[in-house]
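# Remarks on the overall topology
Next come the chains, spelled out residue by residue.
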Amino acid sequence: MALLALPARAQDGAAPVEGTGSNWGGVGLIEMRNARFRPDGMIEAGASLRHQRRFWFLGWQALPWLETTFRVAERLNGTTGEGMVSDRAFDIKIRLWDETEWRPALAVGIQDIAGTGIYGGEYIVASKRFWDFDLTLGMGWGRLGTYADGNNPLTDLWSGFADRERDVGEGGTLRWQTYFRGEDIALFGGLEWSVPPLPTPFGLLEGLRAKVEFSADRLRDERGGYPARTTGLRGESRARVNAGLQWTNDWLDLGVHWVNGTDLLLRASFRMDPADPPRAPLPPPPEMGPRGASAEARAAAPRIFAALQAAGLRGTAVAIEGQEARIAVSGGRFRTLAQLAGRVARAVQPHLPAEVERIVLAWSRDGVEIARLLVLRTAMEAAARGHGSAEEVFATAILMPPGDPFEGAVRAPGPFLDWGIEPRARVVLGDPSRTLLFQAAVVANARLDLGHGVAVAGSVAQVVAQNLDGAAPSDSVLPRVRSDYARYAEDGRNLAVPTLYGEWMGSVAPDVFARVTGGYLEPMFAGVSAEVLWRPHDRPFAIGLDVNYVAQRDYDQRLGVLGYTVATGHVSLHADLPWWNLTATLRGGRYLAGDWGGTLELARRFDSGIEVGAFATLTDVPFSRFGEGSFDKGIFIRVPLDLFSVQSARSVGTVIRPTQRDGGQRLAVDSPLWEVTRDGRADALARGADWFTR
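Residues numbered from 1 in each chain as written. Predicted model: local features only at pLDDT ≥ 70, side-chain atom pairs only at ≥ 80, totals over all residues. Heavy atoms only, no water.

### Points about the overall build of the chain
Here is the rule: For helices the rule is a DSSP run of H or I covering at least 4 residues; for strands it is a run of E covering at least 2, with both sets numbered from the N terminus onward. When we talk radius of gyration, it's over C-alpha atoms, and the globule rule is simply 2.2 Å times the number of residues to the 0.38. Remark: exposure states derive from per-residue accessible area (1.4 Å probe, protein chains only) relative to the maximum for the residue type, with buried under 20%, exposed over 50%, and partly exposed in between.
Assigned secondary structure in the chain consists of eight helices and 34 strands. Whereas a compact globule of 694 residues would reach a radius of gyration of roughly 26 Å, the chain reaches 28 Å, a difference of no more than 12%. The dimensions of the chain, computed from C-alpha atoms along their principal axes, are 90 × 70 × 50 Å. Each of the 694 residues in the chain was classed as buried or not, and the buried ones make up 54%.

What follows is the structure in structure tokens.
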């Protein structure tokens, strides 16, 4: 500890070297964690492979001070001593303070925070840099205290810290009776050396790290039944020192380590900053042409509609009155209101009368107007020619609530057809039958807008590859509203019809939206769904209510239904939190299995459009009836298609659940009002202001 307190600076004044990934996921040494963190928002996915144990992990630097890791372990069966089983775990690490010249960085963490506790452990750790060397010292409890270097110092505060209880039940619940408990603790530490660039025949080799650590985990594998048993264990490590080499660059970590005195371990992981992801080049915006001569709206409208179509937009109405032009567009391939406004202004510029100074844009999605924005023509002209900026356009823009249709407008003749083909993926991690279950499909979808908010929509899906149909059969005692996913995957592999419905969407009052949908609403349920949402355009919250009566669909996802019906619905509160672009959603109501309860969802949406979040649902179903996992929870990732040079406002994503059960399951309609309207709010406009000129 005295060494950690010594002052030290990076060699030659260089910037501090970032931490590297550990074999269990998250930043660390080899198997032990340190007090280092990834840059805020960083996502990392990878694997560590060794004899009788494999880790697959997904990590996210959820907040600047919070590291989260989801991990699936394929491990030796600790009961029989042979055969492999899978185990799911979730870790957190919290930064207590940063490193200074005199003070080490300090962090506290919990490993396997909920579940079986096989890898459960807690730690407090400090790290300090000395030029190219990063020194780490820490103290561990639980699995990280199995070397038993001393007694738990917390027992001096309360004798109850000596008891480390284990009650697994159905798994998936917080282990409140174990954190920082147990009679023993162990010390761990290590050194990470940032190797100077090495000359090779192919040029300089940069980014190499050499690591050595003194482990606190005594177990090589799980033979002997740990943690149910803590004495007389087999499968212990032959050596306490682990060592290895790791190479890292901006997006990749590769490592080879010798661990436990017995095994060679290979590690690889990939990283991505969701705030600045790799993206295909965006097509440049069209040129801002000269102002056109005066003309009546009726004469200009056909040219405006044609110009909007050429820019990838669908104009639905045009009105010109004095110095103001009012233009309504629907859908479009642009994600943000700012980019949409910029493209509209450029497209219509040559066709507007010279005296027009204000452009009012009404933006609709799925037939409902979600935003109305006024921009100054001169501000857009200045920004397009480099004499102004997107910030100046934003400063002079006025966001208004959606309103009545433009009076006296020339309207484009309908109906309008939108269609597309997109990939879809589903992932289940840690199913008892195998570690990874997946389904990859191609989906063709279409929506015919008949006007006045009425539309007919549907989709057809073809599975390209999957092993989801090989999942273990459901053993649920609840109505099997989701757990029969393997049967749906098997019978619906060829030309399934995930959706086919009629829908009305509209604005019934300023900032109040409504939806009524009837038909085949999603792959597993058909029926009627109604929803109303109050979403103030200039406030950081929204309140919604949905009510549904649905019947379970046949497994082939065609036109048949099964015998199960249910009434379900929720009251929802959506709120923008004042930190790190976080959004919270709280729902309460009745779920598809007839259970009552609530869901909490936290999500972080980056300016790139990538959204990462987590959710948990607790209902009146006891953990014993719910089954493995105890309650529904998971993480989700959504990625906009425009990152892949696909000109679309849509996103693709997946939900990762440790176990798919039936409790706490909601209906999944195509057009929930919050998702349809959220990009028309003031907060979304402010965060996307840079897109006015993109």
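### A few points about a negative patch on the surface
Our working rule: Here a patch means residues that are over 30% exposed by relative accessible area and free of salt bridges, tied together within 9 Å if like-charged and within 5 Å if nonpolar (Val, Leu, Ile, Met, Phe, Trp, Tyr). In short, Shrake-Rupley with a 1.4 Å probe defines the accessible areas, and a residue's cover is counted only from the protein chains shown. Salt bridges are defined by distance alone: a side-chain nitrogen of Lys or Arg within 4 Å of a carboxyl oxygen of Asp or Glu. Charge assignment in this entry is limited to Lys and Arg as positive and Asp and Glu as negative, and neither His nor the chain termini are counted. By convention, charge coordinates are those of NZ in Lys, CZ in Arg, CG in Asp, or CD in Glu.
A cluster of acidic residues, D163, E165, E183 and D184, forms a negative patch at the surface. We classify E183 as exposed; its relative accessible area is 55%.

### Re the environment of A584
For clarity, the threshold we go by: We call two residues in contact when some of their heavy atoms are within 4.5 Å.
Tracing the backbone shows A584 in strand β30 (residues 582–590). The sequence separation of A584 and Q61 amounts to 523 residues, and the corresponding C-alpha distance is 18 Å. Residues within four places of A584 in sequence aside, it is in contact with L573, H574, A575, L577, E601 and L602.

### Section: the environment of N151
Tracing the chain through its elements places N151 in strand β8 (residues 150–151). On the basis of relative accessibility, which here comes to 63%, the residue N151 falls in the exposed class. Taking the C-alpha atoms as reference, N151 lies 5.8 Å from I185; in sequence the two are 34 residues apart. Discounting chain neighbours no more than four positions away, the residues touching N151 are E183, D184 and I185.

### Quick look at the sheet that holds strand β16 (residues 314–321)
Rules: At least two bridges found by DSSP between two strands are what make those strands a pair. Fitting a line to C-alpha atoms yields each axis, with helices limited to the stretch in contact; the angle taken between N-to-C directions then spans 0 to 180 degrees.
Here six strands make up an open sheet; going across it, the order is β20-β19-β18-β17-β16-β21 and the pairing mixed. For this open sheet the edge positions go to β20 (398–400) and β21 (410–411), each flanked by a neighbour on one side alone. With three bridges joining them, strand β19 (residues 368–376) and β20 adopt antiparallel strand pairing. Directly across from R372, in β20, lies its bridge partner M400. Against the sheet, helix α2 (residues 337–348) engages β17 (324–330), β18 (358–365), β19 and β20, with an angle of about 125 degrees to β18.

### Some points on the nonpolar core
In a soluble, globular protein the nonpolar side chains are often hidden away together inside. Applied cut-off: The criterion is simple. A nonpolar core is a set of buried Ala, Val, Leu, Ile, Met, Phe, Trp, Tyr and Cys residues joined through side-chain atoms within 4.5 Å.
Ranked by internal contacts, the top residues of the largest apolar core, which has 51 residues, are L308, V329, L337, L340, V344, L373 and F692. Looking at this core, the elements that each hand over two or more residues are α1 (297–310), β17, α2, β18, β19, α3 (377–384), α4 (390–396) and α7 (673–677). Per-element tally for this core: the top contributor is α2, with eight residues. For L340, the contacting residues outside a window of four places in its chain are L313, V329, G331, F334, L361 and W363. Ranked by size, the runner-up nonpolar core spans 24 residues in total, among them L58, I92, V639 and L643.

### Quick look at the environment of F513
If you trace the backbone, F513 turns up in strand β26 (residues 512–522). Along the primary structure F513 and R218 are separated by 295 residues, whereas in three dimensions their C-alpha atoms are 59 Å apart. Excluding residues that lie within four positions of it along the chain, F513 makes contacts with V368, E369, I370, P402, G506, S507, E531, V532, L533, R535, L673 and T677.

### Thoughts on the confidence of the model for the chain
A low pLDDT means the predicted coordinates there should not be read in detail. For clarity, the threshold we go by: Each residue carries a pLDDT score, the predictor's own confidence in it, on a scale running from 0 to 100.
Mean pLDDT over the chain stands at 88; residues scoring 70 or higher make up 92%. Long-range and interchain partners of residues 8–14, a stretch whose pLDDT sits below 50, account for ten contacts in this model, where long-range means more than four residues apart.

### Concerning the pattern of salt bridges
In the structure shown here, the tally under the stated rule is 51 salt bridges. D134 is paired through a salt bridge with R36; the nearest N and O atoms lie 2.7 Å apart. Note that D134 is positioned in strand β7 (residues 133–142) and R36 in the segment before β1 (43–50), a separation of 98 residues in sequence. Accessibility assignment for this pair places D134 and R36 in one class, buried. Across the pair D253 and R38 runs a salt bridge whose closest N-O atoms are separated by 3.3 Å.

### Side note on the side chain of T677
Summarising the element assignment, T677 is placed in helix α7. By relative accessible area, which is 0% here, T677 ends up buried. Apart from the residues lying within four places of it in its own chain, the contact partners of T677 are I370, F513, L533 and R535.

### Overview of the side chain of K211
Threshold: Pairs of N or O atoms within 3.5 Å make up the polar contacts considered here, provided that, within protein, one atom can donate a hydrogen while the other can accept it, and that residues adjacent in sequence are counted only when both atoms are side-chain atoms.
Within the secondary structure, K211 sits in strand β12 (residues 208–214). In this structure, K211 is buried with no salt-bridge partner, the nearest side chain bearing the opposite charge being E192 at 4.5 Å. Only 3.3 Å separates the side chain of K211 from the backbone oxygen of G21, close enough to count as a polar contact. Here K211 is in contact with T20, G21, G28, L29, I30, L191, E192, N242, A243, G244 and Q246, once residues within four sequence places are set aside.

### Quick look at unusual backbone geometry
In the Ramachandran plot, N260 falls in the positive-phi region, its phi being about 65 degrees despite a non-glycine side chain. Relative to the assigned elements, N260 resides in the loop between β14 (252–259) and β15 (263–272). Although it is not a glycine, Q557 sits at a positive phi angle of roughly 55 degrees.

### A short note on the pairing of strand β25 (residues 496–509)
Examined bridge by bridge, strand β24 (residues 454–466) and β25 share seven bridges and lie antiparallel to one another. Of the residues in β25, the one forming a bridge with A455 is E503. Here β25 pairs with β26 via nine bridges, running antiparallel. If you follow Y501 over to β26, its bridge partner there is G519. Turn length for the β25-β26 hairpin, with the two strands adjacent in sequence and antiparallel, is two residues, and the turn residue D511 shows positive phi of about 65 degrees.

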